[in-house]
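Letter by letter, the chains look like this.
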Amino acid sequence: MKIRQLFGLKSHKKTVSATPSQSPEGPPTIEDGSPNSLRRRLVQVLLNDATRRHGIPAGWLDCQMLLVSSRSRGEGMYLRIIMKHWDIRMLTYAVAFEKSLMHDIMRFEPHAKDWLYGVSWQFETGKSCPYPELPDPALWSAPPRKFSAEDDLKQDLERMFAVRDADMLLRSEAAGPHAKGAYAATEPLPLRKR
């Protein structure tokens, strides 16, 4: 299936006279109706589908297609995946996500290896990243800490409890001082002797 058929577009033939410095179709462009425009739309649709399928919240990732011209390979495109929300899990699984997205692209457009030259990542996380400064240089010489599923679960629970505790604190402060003293302190019952 061709990309044009996938998006329901009719074939447009261009009549541009070729000069020695450009191809018969003219310089590379991403204008509507051009092959690069269709490729950009295909990649955008596949990226949105991959984020939804893998459970990544909407708005965390976006993409751009950059036109390039190489002497050895000719005209092509680079895919830039833009991370818009900081989350350590996204960094942990970025390589796996990229691999899955590339598999999807190759499945829908088998000739993508001819025009898709590579993938890069860009971080536009704003203030959502908790690490705005580099750590002490000694960090890089220490062996990396191994994470397990149990560590991920523990971190998720700690975050949930922190949110819950902050919410309970806000509610108790909003209720006023009389709400705090409305209950008697609990004490354990003494054990009965048999």
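Shown above is the structure to which this text applies.
The rules behind each value
Residues numbered from 1 in each chain as written. Predicted model: local features only at pLDDT ≥ 70, side-chain atom pairs only at ≥ 80, totals over all residues. Heavy atoms only, no water. Patch = residues over 30% accessible without salt bridge, like charges linked within 9 Å, V, L, I, M, F, W, Y side chains within 5 Å. Areas by Shrake-Rupley, 256 points an atom, 1.4 Å probe, with all protein chains shown as cover. Salt bridge = Lys/Arg side-chain N within 4 Å of Asp/Glu carboxyl O. Helix = DSSP H or I, 4+ residues; strand = E, 2+ residues; numbered from the N terminus. Pairing = 2+ DSSP bridges. Axes fitted to C-alpha atoms, helices over the stretch in contact; angles between N-to-C directions. Contact = heavy atoms within 4.5 Å. Buried < 20%, exposed > 50% of the residue type's maximum accessible area, 1.4 Å probe, protein only. Polar contact = N/O pair within 3.5 Å; in protein donor to acceptor, adjacent residues only side chain to side chain. Parallel < 35°, antiparallel > 145°, perpendicular 65-115°, else oblique. Left-handed = near helix turned anticlockwise from the far one by under 90°. Nonpolar A, V, L, I, M, F, W, Y, C, P; charged D, E, K, R; others polar.

Caption draft 1: Geometry of a nonpolar patch on the surface. A surface patch of nonpolar side chains, about 390 Å² in accessible area, is lined by Leu153, Leu157, Met160 and Phe161. Tracing the chain through its elements places Met160 in helix α7 (residues 149-175).

Caption draft 2: Structural context of the sheet that holds strand β3 (residues 116-123). Taking strand neighbours across the sheet as the criterion, the 3 strands line up as β1-β2-β3 in an open arrangement whose pairing is mixed. In the strand order of this sheet, the two ends are held by β1 (61-70) and β3, each with one partner. Each strand axis lies, on average, 25° off the axis of its neighbour in the sheet, ignoring direction. Across the sheet, helix α4 (residues 94-108) touches β1, β2 (74-83) and β3, and the angle it forms with β3 is around 145°.

Caption draft 3: Inspection of the side chain of Ser100 at higher detail. Within the secondary structure, Ser100 sits in helix α4. By relative accessible area, Ser100 is classed as buried at 17%. Of the polar contacts made by the side chain of Ser100, one reaches the side chain of Arg53; its length is 3.3 Å. Leave out the neighbours within four places in its chain, and Ser100 touches Arg53 and His54.

Caption draft 4: Representation of the packing of helix α2 (residues 35-53) against α4 within the structure. Look at α2 against α4: their axes get within 10 Å of each other, and the N-to-C directions meet at 130°. Taken together, the axes of α2 and α4 are oblique relative to one another. With respect to the hand of their crossing, α2 and α4 are arranged in right-handed fashion. Across the interface between the two elements, Leu42, Val43, Leu46, Leu47, Ala50, Thr51 and Arg53 of α2 pack against Phe97, Ser100, Leu101, Asp104, Ile105 and Phe108 of α4. When grouped by side-chain class, the residues that make up the contact of α2 with α4 number 9 nonpolar, 2 polar and 2 charged.

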